[in-house]
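# Notes for the structure review
Each chain, written out:
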Amino acid sequence: MEYALAQARLAAATGDVPVGAVVLDPLGERLGSGHNVRERDADPTGHAELIAIRQAAATLGHWRLHGCTIVVTLEPCTMCAGAIVMARLDRLVFGAYDDKAGAAGSVWDVVRDRRLNHRPEVVGGVLMQESGALLQAFFAASRAPSG
């Protein structure tokens, strides 16, 4: 999670929502990582999870990420939750819960939907305070009056 938090700080430094992610192999080695780049790249799909999943798949040379874990600082949205399922990741670990758009139990529960053919293990709330503090600081600064 510490590495994902470092990725989140990179997103904040470029003016994007501070979310970071890392994909780990079964031995805990990093296969891919990313941070939000929606603003930088003008890309609505520029979420940390998608970038980390793409890098991990490229590293392994295939799209099935069996045995792997994704660690992300914020509970994934529906798009990212769907990608986690489709990539066949075995485990999702996240920091802060997202009561507005979370799709791993808060608003929706895409990753544990019994109708899908793959359901990763979910562990939420890991370093939740640190992840939440980054998000709160970012949004407080973006709402502060300029001048």
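Residues numbered from 1 in each chain as written. Predicted model: local features only at pLDDT ≥ 70, side-chain atom pairs only at ≥ 80, totals over all residues. Heavy atoms only, no water.

## What to know about the nonpolar core
- Val23, Ile53, Leu89 and Leu92 are the most contacted members of the largest nonpolar core, which has 32 residues in total.
- Counting residues per element, the ones that place at least two in this core are strand E1 (20-24), helix H3 (48-60), strand E3 (69-74), helix H4 (78-86), strand E4 (91-96) and helix H5 (128-143).
- Ignoring anything within four residues of it in the chain, the contact list for Leu92 reads Ile70, Val72, Pro76, Ile84, Ala104, Val111, Pro120, Glu121, Val122 and Val123.
- Within the second largest apolar cluster, eight residues are counted, among which are Ala4, Leu5, Val71 and Leu134. (Core = buried A, V, L, I, M, F, W, Y, C linked by side-chain atoms within 4.5 Å. Buried < 20%, exposed > 50% of the residue type's maximum accessible area, 1.4 Å probe, protein only. Helix = DSSP H or I, 4+ residues; strand = E, 2+ residues; numbered from the N terminus. Contact = heavy atoms within 4.5 Å.)

## As for H5
- Between its terminal C-alpha atoms H5 stretches 22 Å, which fits the 22 Å expected from 16 residues at 1.5 Å a residue.
- Those residues of H5 that fall on the buried side of the exposure criterion are Ser131, Gly132, Leu134, Leu135 and Phe138. Along the axis of H5, the buried residues cluster in a sector spanning 155°; they form a single face. The exposed residues of H5 that point more than 90 degrees off its buried face are Gln129, Gln136, Ala141 and Arg143.
- Against the buried residues of H5 lie helix H1 (2-13), E3 and E4. (Expected span 1.5 Å × (residues − 1). Arc of directions from axis to C-beta.)

## Observations concerning the environment of Cys77
- Note that Cys77 resides in the loop between E3 and H4.
- Judged by its relative accessible area of 18%, Cys77 is buried.
- Residues Cys77 and Val107, spaced 30 residues apart in sequence, show a C-alpha to C-alpha distance of 9.3 Å.
- Among all residues touching Cys77, those that are not within four sequence positions of it are His47, Ala101 and Ala103.

## Some points on the packing of H3 against H4
- One way to put it is that H3 packs onto H4 with a least axis distance of 9 Å and a crossing angle of 20°. Classified by the angle their axes make, H3 and H4 are roughly parallel. Seen from above, H3 lies across H4 with left-handed handedness. For the pair H3 and H4, contact is made by Glu49, Leu50 and Ile53 and by Met79, Cys80, Ala83 and Ile84, respectively.
- Class assignment of the residues belonging to the contact of H3 with H4 gives a composition of six nonpolar, no polar and one charged. (Axes fitted to C-alpha atoms, helices over the stretch in contact; angles between N-to-C directions. Parallel < 35°, antiparallel > 145°, perpendicular 65-115°, else oblique. Left-handed = near helix turned anticlockwise from the far one by under 90°. Nonpolar A, V, L, I, M, F, W, Y, C, P; charged D, E, K, R; others polar.)

## Points about the side chain of Asp98
- On the secondary structure map, Asp98 appears in the loop between E4 and strand E5 (121-123).
- The buried charged residue Asp98 lacks any salt bridge, with Lys100 as its nearest oppositely charged partner at 7.2 Å. (Lys, Arg positive; Asp, Glu negative; His and termini not counted. Salt bridge = Lys/Arg side-chain N within 4 Å of Asp/Glu carboxyl O.)

## Points about the packing of H1 against H5
- Two elements in contact, H1 and H5, have axes separated by 11 Å at closest approach and are oriented at 5°. If you check the angle between H1 and H5, you find them roughly parallel. Contact with H1, carried on its side by Leu5, Ala8, Arg9 and Ala12, involves Glu130, Ser131, Leu134 and Phe138 of H5 and no other residues of that element.
- Split by residue class, the contact of H1 with H5 holds five nonpolar, one polar and two charged.

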